[in-house]
Amino acid sequence: MERRIILWKMSLDFLYDLNTRHGPVFTQEPSDSIFPLRSEDNKVFINCKAKGNPVPHYKWKVDGRYIDMDLNYNLVEGNLLINNPHATHHGGVYQCIATNVFGTIISREAKVQFAYLQNFSRKPRNTVSVREGQAVVLLCGPPPHNGEIKYSWVFNGRPSFLLQDTRRFVSQRTGNLYIAKVEASDVGNYTCVVRNMMTNATVYSSPTPVVLRRDAVMGEYEPKIEVQFSETLHVTKGSSVKLECFALGNPVPSITWRRTDGNPLPGKMKINHSNGVLEIPYFRPEDAGVYECVAENSRGKNVAKGQLIFQNAHMAIEANLQWECRASGKPKPVYRWLKNGEPLVLEDRILVEGGRLAVSRINLLDSGMYQCLAENEHGAIYASAELKVVASSPDFSNSPVKKSMLIQRGGEVIMECRPHASPRASISWRRGGEFLKDSTRWTIMEDGTLRISNISESDGGRYTCVARNPFGTSSSTGTLVVKEPTKITVPPLSVDATVGESIVLPCEVCGDSSLDPTFKWFFNGKLIDFNRQDHFEMIGGSAGDLMVRNIQLKHSGKYVCMVHTVVDSVSAAAHLIVRGPPGAPEGLIVGEITDSTAQLSWESGPDNHSPVTTYSIQARTPFSIGWQAVRTVPDSVPGQMFHATVIELNPWVDYEFRVVASNNVGVGEPSMQSKQIRTKAAVPDVAPGNVSGGGGRRGELVIQWEPIPEELQSGEEFGYVVAFRPLGTSTWKQTVLASPDASRYTFRNDSIPPLSQFEVKVGVYNNEGEGPSSHVVVVYSAEEVWTRTLSASEIEVYWEPITQTASSWKIIGYEVLCWEEGMQESDAEMVRVTDPAALLSGLKGSTVYLISVRAQNSAGAGPSSPAVNVTTKKPPPSQPPGNIEWNLTNSKIFLSWEHVKAMGNESEVTGYKVLYRQNWLGKTSVVETNRTSMELQVPSGEDYLIEIKALSDGGDGSSSGPIRIPKMSTNYLEYSTQLHCLIVCIF
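Before going into details, it helps to say that this report is about the structure given with it. Because the structure is predicted, anything quoted here is derived from the model rather than measured. (Residues numbered from 1 in each chain as written. Predicted model: local features only at pLDDT ≥ 70, side-chain atom pairs only at ≥ 80, totals over all residues. Heavy atoms only, no water.)

## Focus: the overall build of the protein
Scanning the protein from terminus to terminus reveals two helices and 94 strands. For 987 residues, the compact-globule formula gives about 30 Å, and the C-alpha radius of gyration of the protein, at 55 Å, lies well above that figure. Taking the principal axes of its C-alpha atoms as reference, the protein extends roughly 165 × 85 × 70 Å. By residue count, 43% of the 987 residues in the protein fall in the buried class. Entry remark: accessible area of the protein is about 51700 Å², with carbon and sulfur atoms responsible for 48%. (Helix = DSSP H or I, 4+ residues; strand = E, 2+ residues; numbered from the N terminus. Rg over C-alpha atoms; globule rule 2.2 N^0.38 Å. Buried < 20%, exposed > 50% of the residue type's maximum accessible area, 1.4 Å probe, protein only. Areas by Shrake-Rupley, 256 points an atom, 1.4 Å probe, with all protein chains shown as cover.)

If you want it as structure tokens, here you go:
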């Protein structure tokens, strides 16, 4: 039998609690418990606790027999401690009995067992086949067990447990896994994992395979709550309540919780597993009520609700008591009622019918502890409540009549009179010294409330409520103040506006000067928060005018100005219609397709209060940059037409289309793009462009062109047809290139003279046929060029001259182009020569140059030869010879100097060059040597200037600078020698 019992009770009015003495009430009852066979302390502790005044004392029963406290059993306050428990001797059904002077209560039965967890069956589980978007529930089916267990699931054998979220939920009541909406990533094997929280034993089920059905995809549908809590649940003080709620649906539903009485959820509440579990710890009377779980998605919502009941009862004397006790079980349970632990004695006033107890005209002797016992062959459960019967005279101390009430003229007022009295008091009203009677405007209602309608100024004054019962009389007085009503004198008016404009909705009032009106604006039923809205602003000083700035389409709707005072509220409404660019067209379909056209049809979208004037079509291909406008028939599609033919499309190209609507306000958002389509194939109609050629090796004719883009190839098996013939002949030679990416063709024949002229054209074809050819152009065959590096700054270039023929124009010269590697040919230096050779000088050392030659006749320059790479030699040494010494003897000059060592980026020294001359303007003589000394034979009687340079493959190195050797007399030359050191003249 399900361990659940619900106690219903009638409304308990007119209560008071002047005496805190009361009978025992269980705050903690023993519950079915499962203990491990072996624990560290080898003890079993069964809880039982009751509150009462005076403090209750306790006894225990096991299997219906009272327990004698001995070595095995001990009382710890009200709790029962079992030492060295044994499964056979100490297993059974336990009950706790709590007693004080007010009565006795018996706890529910608690079955004590010992924990175990068996293994799952090894039988393979059936495959679950489900559509994408559909919901699925995977059953766990736990094996036999005792003790608290925890459920988890493993996906595809991964080491971590499956994470729960808004889409996946594991119920700790059933162990089942619920997937609200299946996705492709959910395909795999699922294993249920069960863990015994007492023994820590864990067992795994066989995997449940989940596969996707490919026949269809599940559409959207509203939430279906698959996991929900009980409709009614009895909760004791201090216990913890967990409510589970999970819904299946597409889109995945969101779960929210609320109380139906409008009160906020308890602050101590915990919401886990993406809102699927609501937990209320330490349950208190104020936590009782009806709780709702709301599952919602874009297709709708569903609600599950249940009532949490906290039971206790204070009843007024002479009132009628009715309690209902309800339990579920198989077989159906039977009910018995106990008072103070003993069977309830029935009499005329006391009626028991099934689980319902009714006591009429209760008196003080009916006070005590009541219990409902529900039992069947599987066991019994209890629910307890205390009945306190109270008696008192009317008392207004906690609920006096409202001291001052403001009401507008012409309105209606309700004056409540709710004294605390037991039994219930009779109520009358008086104004001044005169008691009031019912009339057309004055009504005393059944609960004692006074209602006055159509109020005038003369109704103002003091009103007194008088309450009487057999124990006494009491009264309470309040004052009624009548005010002038508030009226809206300038209400907002409905208006049309265009997106981007700003408008003002007025709201002006008049009324009682002593009242301060408060203005509030509502948009489509929701209060406007001016602190969070950039588009709304309250203006107007004492008025409540609303300005809507930079209006957008979303601002269309109903606006309500509501004016509040302490006595009344008035409102006025207006509608704002916003005109804007049209919404996106819908339902775009591509119909008949040819090689250059496509028929489109669509449905209109929202016109946003301004009729559509025209539609335009846009297309996108894999080759286009974004969306491009395309031509249509008709050229301009009117707003009343929902179809058009797109023209001038390229054959054999994938297209997507979309439609854009326009109106007098502007251009709207585009429709969703169509599915991708491909136009039919056709013969290509575009010829290659920029056909040219020239260059190559000797005996080659090189032909080049710009390849046709893929979007213009018009079909499969696209290629090129290259045709050429010597200038002045009539027969074309053709070759076919089957590659759509080809852009160059080279014809080789060693008999072709250099720079021979050919007529050339390039055509196209595909599997649909042959297309057009390019214009005929003249292309020259190759010429051959040779180079030789002379030094770091000089290159010699030579080539074979062009053979003159009778049909060719006379060659008048050649142009040699030279540029550094990495630069463009357009930046080249040019040297013009008439012979088939040229010397290029002034170049950089260790630099790669590209050299090309082209012939020139009276018609201009021909094509350039293929560029030849050539690298200049390393620069000569930059360091000049140093430590130069000279010795003049007779007519001989002896010279010596230090060896020059080249740097790593310079040419090695191969020798030295000595330059000498008489005076500054004399003729220079040059002598070379591979040594670092030299003897010069010179005439006497003249000054000499001498320079020394290092020699290298890169050219002459830096000069030592002029060395002046002065003239000497003949006598001096005959009889003496002179050693002179270096004199360097810098000029």
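## Things to note about the pattern of salt bridges
Think of it this way: side chains of opposite charge can pair up when their charged atoms draw near. All told, the structure shown has 34 salt bridges when counted by the stated rule. Between Glu375 and Arg336 there is a salt bridge, with its nearest N and O atoms 3.0 Å apart. One end of the pair, Glu375, is in strand β38 (residues 368–376); the other, Arg336, is in strand β34 (residues 334–339), and 39 residues separate them in sequence. Overall, Glu375 belongs to the partly exposed group, its relative accessible area being 25%. A salt bridge links Arg356 to Glu353, with the nearest nitrogen and oxygen atoms 3.2 Å apart. Under the relative-accessibility criterion, Arg356 is labelled partly exposed at 24%. Sharing partners across several salt bridges, the network here consists of Arg131, Arg213 and Asp215. (Salt bridge = Lys/Arg side-chain N within 4 Å of Asp/Glu carboxyl O.)

## Some remarks on the sheet that holds strand β60 (residues 586–593)
Sheets are built from strands paired through backbone hydrogen bonds, the pairs being either parallel or antiparallel. Ordered by their spatial adjacency, four strands build an open sheet running β60-β61-β66-β64, and the pairing between neighbours is antiparallel. This sheet does not close on itself; its edge strands, each paired only once, are β60 and β64 (632–633). Alignment of strand β61 (residues 598–603) against strand β66 (residues 643–646), held across four bridges, turns out to be antiparallel. Note that in β66 the partner of Ser601 across the bridge is His643. (Pairing = 2+ DSSP bridges.)

## Here's the deal with the state of the cysteines
Enumeration over the complete set of coordinates arrives at six disulfides. Between the sulfur atoms of Cys325 and its disulfide mate Cys372 the distance is 2.1 Å. Where Cys325 bonds to Cys372 through sulfur, the torsion about that S-S bond is close to -85 degrees, and the disulfide is left-handed. With Cys325 in strand β33 (residues 321–327) and Cys372 in strand β38, this residue pair connects regions lying 47 residues apart in the sequence. Here Cys325 and Cys372 have matching classes, each one buried. Residue pairing for Cys507: its cysteine sulfur links by disulfide to Cys561, the two sulfurs lying 2.0 Å apart. Judged by the sign of its S-S torsion, about -80 degrees, the bond between Cys507 and Cys561 is left-handed. Of this pair, Cys507 sits in the loop between β52 (503–505) and β53 (508–510) while Cys561 sits in strand β58 (residues 557–564), and the two are 54 residues apart along the sequence. (Disulfide = S-S within 2.5 Å.)

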